[in-house]
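Residue strings, one per chain:
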Amino acid sequence: MRFIDTADGARLAVEIHGSPGSVPVVVLPGGPCRDPAYLGDLAGLAQTRALVILHPRGTPATGGLSRGWWTDAADLIRVADHLRAPAVDVVAHSAGTRLALAAAAQHPGRIRSLALVTPAAAWLTGAPHDGEALAAERNEPEIARALASMKGEAPTDETAFQRALEAEAAAGYARWTPTERQHAAVGAMTWMAASAWFRDFPGDAAARIRAAPLPPTFVLGGRADILSGVEPVRAYADALGADLTLLENCGHYPWVEQPAAFRAALDDWLLLRTSSAPSIGSV
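A few points on the structure. All of these numbers come straight from a predicted model, not from anything done at the bench.

1. A word on the overall build of the chain
Thinking step 1. On a plain count of helices and strands, the chain comes out with twelve helices and eight strands.
Thinking step 2. Projecting the C-alpha coordinates of the chain onto the three principal axes gives extents of approximately 50 × 40 × 35 Å.
Thinking step 3. For the chain, long-range pairs separated by at least 24 residues make up 78% of all intrachain contacts whose partners lie at least 6 apart in sequence.
Thinking step 4. Total accessible area on the chain stands at roughly 11,600 Å², and carbon and sulfur atoms take up 53% of it.

In structure tokens, the structure reads:
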């Protein structure tokens, strides 16, 4: 773990996986503000590129609270500055895709490419969410419980938030075996941190992102992702002018459920970016 100082006094924690001296890719976790431990090594993705994993504000290692995802986009640029990179490639998961898009929209030229994995998508286009239809194809009692929780009132305190996380965990996966249960328990997040993530963003943020000259963008989704849905992800990719791949038998965490397909898709994308990346020295 290393720490990067910011202008407002925060110390951003980052951890690096992969070969020193290789061209890095910055990784943003979801949650929001979930401890990046749940990412693991992204199915060995560091064999392709050095991974610089940002622990956003509100996670245990960095601490504090988010200033809101739109403002925290500046933290991604601070990481790029630390790497002495004029522009960086970014892999972002779920809620982290908001921060990635905010950085690309607000700091043109600093994000060289985006790989957005199972993005929280409906907010960008207003496309109807089809998670309930996907859930109807499942017969596990845990899925019915998850859907009931997702349709209920939003949590207003830490106890209710943790109860909802536990109830909704199964909806993140295409199956609910011991492997998925074990993964779901990794990576803590809190109600206070997640709530702060959604504060103080402009009402026209989605329109500004859609209108921005974005870098080359790739969207990777799962055809059994109840949390993000499928049709919202299609509309999201279309709105961003992005390449889109949807993995079969895959929920919200493709490196867990479809590691080989995940690696193949991300390796192809990142290797293409590597071929034209300038050398920025050791990370």
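2. Some remarks on helix H6 (residues 158-168)
Thinking step 1. Listed as buried for H6 are Phe 161, Ala 164 and Ala 167. All buried residues of H6 fall inside an arc of 130° around its axis, so they share one side. Facing away from the buried side of H6 by over 90 degrees, the exposed positions are Thr 159 and Arg 163.
Thinking step 2. Those residues of H6 that are buried are in contact with helix H5 (141-150) and helix H8 (191-197).

3. Notes on the packing of aromatic side chains
Thinking step 1. Tallied over the full model, the rule gives ten aromatic pairs.
Thinking step 2. Summarising the aromatic geometry, the rings of Trp 69 and Trp 70 are spaced 5.8 Å apart at their centres and angled 80° between planes, so their arrangement reads as edge-to-face. Note on accessibility: Trp 69 and Trp 70 belong to one class, buried.
Thinking step 3. Pairwise contacts between aromatic rings join Tyr 38, Tyr 173, Trp 176, Tyr 253, Trp 255 and Phe 262 into one cluster.
Thinking step 4. It is Arg 34 that lies over the ring of Tyr 38; its NZ or CZ is 4.2 Å from the centre.

4. Describing the sheet that holds strand E5 (residues 88-93)
Thinking step 1. Taking strand neighbours across the sheet as the criterion, the eight strands line up as E1-E2-E4-E3-E5-E6-E7-E8 in an open arrangement whose pairing is mixed. In this open sheet, the two edge strands, each paired with only one partner strand, are strand E1 (2-5) and strand E8 (243-247). Across the sheet, the mean angle separating the axes of adjacent strands is 25° when strand polarity is ignored.
Thinking step 2. As paired elements, E1 and strand E2 (residues 11-17) share four bridges and run antiparallel to each other. Residue Asp 5 lies in a different strand from E2, and its bridge partner there is Arg 11.
Thinking step 3. With respect to the sheet, helix H1 (residues 69-82) is in contact with E1, E2, strand E3 (24-28), strand E4 (50-55), E5 and strand E6 (111-117), its orientation differing from that of E1 by roughly 110°.
Thinking step 4. Most of the contacts of helix H2 (residues 96-106) go to E6, to which it runs at about 160°, and overall it touches E3, E5 and E6.

5. Focus on the pattern of salt bridges
Thinking step 1. Tallying each qualifying case throughout the model produces 20 salt bridges.
Thinking step 2. Across the pair Asp 8 and Arg 57 runs a salt bridge, and its minimum N-O distance is 2.8 Å. With Asp 8 in the loop between E1 and E2 and Arg 57 in the loop between E4 and H1, this residue pair connects regions lying 49 residues apart in the sequence.
Thinking step 3. When its relative accessible area of 6% is taken as the criterion, Arg 57 is described as buried.
Thinking step 4. When the shortest N-O distance is used, the salt bridge between Arg 175 and Glu 180 registers 4.0 Å.
Thinking step 5. For Arg 175, a relative accessible area of 28% corresponds to the partly exposed category.
Thinking step 6. Residue classification places Glu 180 among the buried residues on the basis of a relative accessible area of 4%.
Thinking step 7. Taken together, the shared-partner salt bridges connect Asp 8, Arg 57, Arg 67, Asp 72 and Asp 75 into one network.

6. Considerations on the environment of Gln 162
Thinking step 1. Tracing the sequence through the fold places Gln 162 in helix H6.
Thinking step 2. As for Gln 162 and Leu 83, which are separated by 79 residues in sequence, their C-alpha atoms are 36 Å apart.
Thinking step 3. Engagement of the side chain of Gln 162 in a polar contact is seen with the backbone oxygen of Met 189, the distance being 2.9 Å.

Thresholds, definitions, all that
- Residues numbered from 1 in each chain as written.
- Predicted model: local features only at pLDDT ≥ 70, side-chain atom pairs only at ≥ 80, totals over all residues.
- Heavy atoms only, no water.
- Helix = DSSP H or I, 4+ residues; strand = E, 2+ residues; numbered from the N terminus.
- Contact = heavy atoms within 4.5 Å.
- Areas by Shrake-Rupley, 256 points an atom, 1.4 Å probe, with all protein chains shown as cover.
- Buried < 20%, exposed > 50% of the residue type's maximum accessible area, 1.4 Å probe, protein only.
- Arc of directions from axis to C-beta.
- Phe/Tyr/Trp six-rings, centres within 6.5 Å; stacked < 30°, edge-to-face > 60°.
- Lys NZ or Arg CZ within 6 Å of the ring centre and 35° of its normal.
- Pairing = 2+ DSSP bridges.
- Axes fitted to C-alpha atoms, helices over the stretch in contact; angles between N-to-C directions.
- Salt bridge = Lys/Arg side-chain N within 4 Å of Asp/Glu carboxyl O.
- Polar contact = N/O pair within 3.5 Å; in protein donor to acceptor, adjacent residues only side chain to side chain.

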